[in-house]
Amino acid sequence: MNNLEQLLNKEKEKLDNMQIPDDMEDKLRSALDNKSRKKKKRPYLRIASIIMIVFLLSYNMNTLAFYAKKIVGYDNVMSGTLQDLNNAGRGQIINKTHSFSDGVSVTLDGVMLDDNNLILFYSIGDPNRNVEDVSSRMHINVSGLFDKSLGYGGAGEIDSEGRYEKWVVSTNRAPKLYEQTISLDISYSPVDKANEQGEIKFKLDRNSALGNSLTIPINKEVELTNNNSINVESMVASPTTTLIKGQIQSILQLGWDQIVGERFSTSDIEMALCADGKEVPVQASSISTDMKGMNFEIRFDRLPQELDTLELKLTSFVNTYEVDELFTLKEEGKIKILEQEIIVEDIYEENGNTFVTLTSEEYTSLPKVSLIVEGTEHRLVRTKPIDMKKVNIEEFEKNYHTRTLEFEGAGKDLQLHIERFSFNEVYDEVIFNHKFE
């Protein structure tokens with residue numbers, strides 16, 4: 001119970017326990033009679049009363065304004081950092097709704113802004129209590145100036161009655177200073193109706209931004225085991241996140257690889273950020289390619305306010321290798337390449353094509369593979385994911401995924417031709433280490 005509620009309850013108890021004197025009615029009548037006979041006014045009493053009322057209202061309005069700044073209903077999908085900021089009344093209240101023809105609605109309750117990202121708090125409502133199905137038929141996009149997408153990731157939760165789905169999403173970048181108006185764009189497909197579009201536009205109040213960020217230059221090149229390297233450029237610490245920025249390849253390196261027919265890529269980079277020896281939780285990671293090259297970002301939770309030591313490590317990297325390996329396939333067996341094991345679960349024919357089911361560690365993949373059927377090479381048609389499971393091996397938990405590869409052609413003599421192979425390699429290299437005085 002907050003302080004305001006406690007105060008009101010105490011005053012109610014006083015009123016409930018108040019004893020009214022037996023002669024109260026006579027005294028009131030006498031006082032009213034005397035008042036009607038008196039013509040002299042006492043303006044100072046009225047002024048004092050007005051001042052007291054204004055004082056009380058001002059106090060309570062400040063209290064109510066503080067609570068009005070809080071974004072309500074998102075506790076279960078907020079991180080601890082966001083809950084702290086929300087409890088302090090930080091952020092910008094939006095409270096705008098777009099409704100569709102079948103009664104489904106999207107409400108943007110509020111946002112939080114800092115130098116690393118824009119965080120949106122929105123809910124999807126369905127009066128028919130089937131919001132999970134509604135959400136599957138809805139696509140959300142966050143855009144800035146010239147409808148340029150900010151990109152985002154986040155988490156949502158459905159209430160027990162299926163009426164609402166609450167979402168907290170964080171954009172991949174903060175809006176630029178010239179991006180004053182932001183749009184939450186909604187594409188929705190009602191049942192048995194044409195697709196509908198909606199939007200919720202709002203102006204950013206940069207005065208309500210959470211605060212400035214601190215950029216720590218790193219600029220360290222990290223050598224990888226396949227004769228490649230990555231460059232870790234900087235660490236940006238803001239009130240909501242700690243962002244690691246870096247580059248995998250420059251645009252010139254990408255162009256050269258295209259010319260010589262080689263390719264250096266990755267699907268995952270993992271790093272560990274330790275503050276005073278304790279790991280800071282990872283929020284998300286992304287890899288993008290543009291005119292600047294192939295770049296990566298890894299988001300951690302915010303740093304503690306009191307900090308003595310800070311350390312950043314590269315823990316794992318999905319490396320890609322150019323190879324030229326042939327493996328004869330049997331009904332069951334194992335393939336071993338670069339010390340990585342792939343289990344052949346099943347081989348079968350269907351509709352003139354050959355299907356090969358494989359199981360390997362989560363990030364082990366075959367980006368370039370074909371099937372040689374009785375001396376003739378056939379291309380990969382598609383890959384169908386089957387299962388993902390966790391296995392504990394020597395106190396370490398590993399993820400394994402099973403998928404089926406479909407190839408053109410069918411026959412008895414089968415060979416798997418692997419030309420490009422990717423897998424997760426473990427590192428333990430310190431990238432940045434600093435002790436604060």
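Below: a short report on this structure. (Residues numbered from 1 in each chain as written. Predicted model: local features only at pLDDT ≥ 70, side-chain atom pairs only at ≥ 80, totals over all residues. Heavy atoms only, no water.)

What follows concerns the packing of aromatic side chains. Summed over all chains, the structure comprises six aromatic pairs. Each ring, one from Tyr321 and one from Phe423, has its centre 5.6 Å from the other, and the planes form 15 degrees; the classification is stacked. Of this pair, Tyr321 sits in strand S16 (residues 309-328) while Phe423 sits in strand S23 (residues 414-435); the two residues are 102 residues apart in sequence, bridging distant segments of the chain. Look at Tyr348 and Phe355: their rings are 5.0 Å apart centre to centre, the planes differ by 5 degrees, and that puts the pair in the stacked class. We classify Tyr348 as partly exposed; its relative accessible area is 31%. What links up through ring pairs into an aromatic cluster is the set Tyr321, Phe421 and Phe423. Here the basic side chain of Lys166 rests over the ring of Tyr74, its NZ or CZ set 4.8 Å away from the ring centre. (Phe/Tyr/Trp six-rings, centres within 6.5 Å; stacked < 30°, edge-to-face > 60°. Helix = DSSP H or I, 4+ residues; strand = E, 2+ residues; numbered from the N terminus. Buried < 20%, exposed > 50% of the residue type's maximum accessible area, 1.4 Å probe, protein only. Lys NZ or Arg CZ within 6 Å of the ring centre and 35° of its normal.)

Strand order across the open sheet formed by five strands is S1-S2-S3-S6-S5, with antiparallel pairing between neighbours. Edge strands, defined here as strands with exactly one partner in the open sheet, are strand S1 (92-99) and strand S5 (152-158). Direction aside, neighbouring strands of the sheet carry axes that sit 20 degrees apart on average. Both S1 and strand S2 (residues 105-113) contribute to a ladder of six bridges, which runs antiparallel. (Pairing = 2+ DSSP bridges. Axes fitted to C-alpha atoms, helices over the stretch in contact; angles between N-to-C directions.)

Further remarks concern helix H4 (residues 80-87). Among the residues of H4, Thr81, Leu82, Leu85 and Asn86 are the ones counted as buried. For H4, the buried positions fall inside an angular range of 130 degrees around the axis, keeping them on one side. Looking at the buried positions of H4, the neighbouring elements they touch are S2, strand S3 (118-125), strand S6 (164-171) and strand S15 (293-301). Just downstream of H4, Gly89 is the residue with a positive phi angle, here 75 degrees. (Arc of directions from axis to C-beta. Contact = heavy atoms within 4.5 Å.)

Attention now moves to the side chain of Thr107. Locating Thr107 in the fold gives a position in strand S2. For Thr107, a relative accessible area of 14% translates into the label buried. Here Thr97 takes part through its side chain, which lies 2.8 Å from a polar atom of the side chain of Thr107. Among residues more than four places away in sequence, those in contact with Thr107 are Tyr74, Asn95, Lys96, Thr97, Phe121, Tyr122 and Ser123. (Polar contact = N/O pair within 3.5 Å; in protein donor to acceptor, adjacent residues only side chain to side chain.)

All right, on to the nonpolar core then. In terms of nonpolar packing, the biggest core is built from 29 residues, with Val232, Met271 and Leu312 touching the most fellow members. When residues no more than four places from it in sequence are discounted, the contact partners of Met271 are Ile230, Val232, Ile244, Val282, Phe296, Ile298, Phe300, Leu312, Lys313, Leu314, Thr315 and Ile431. Within the second largest apolar cluster, 25 residues are counted, among which are Leu118, Leu120, Val131 and Leu150. (Core = buried A, V, L, I, M, F, W, Y, C linked by side-chain atoms within 4.5 Å.)

Turning to the sheet that holds strand S14 (residues 282-290), a few remarks are in order. Sheet strands pair via backbone hydrogen bonds, and the direction of the pair is either parallel or antiparallel. Sheet architecture is open: five strands sit in the order S9-S10-S11-S15-S14, paired in antiparallel fashion. Two strands lie at the open edges of the sheet, namely strand S9 (214-223) and S14, each paired on one side alone. On average, adjacent strands in this sheet sit at an angle of 15 degrees to one another, irrespective of strand direction. Strand direction decides the pairing type here: S9 and strand S10 (residues 229-237), joined by eight bridges, are antiparallel. Residue pairing across strands places Glu221 opposite Asn231, the latter belonging to S10. Against the sheet, helix H6 (residues 251-260) contacts strand S11 (241-250), S14 and S15, and its axis sits at roughly 40 degrees relative to S11.

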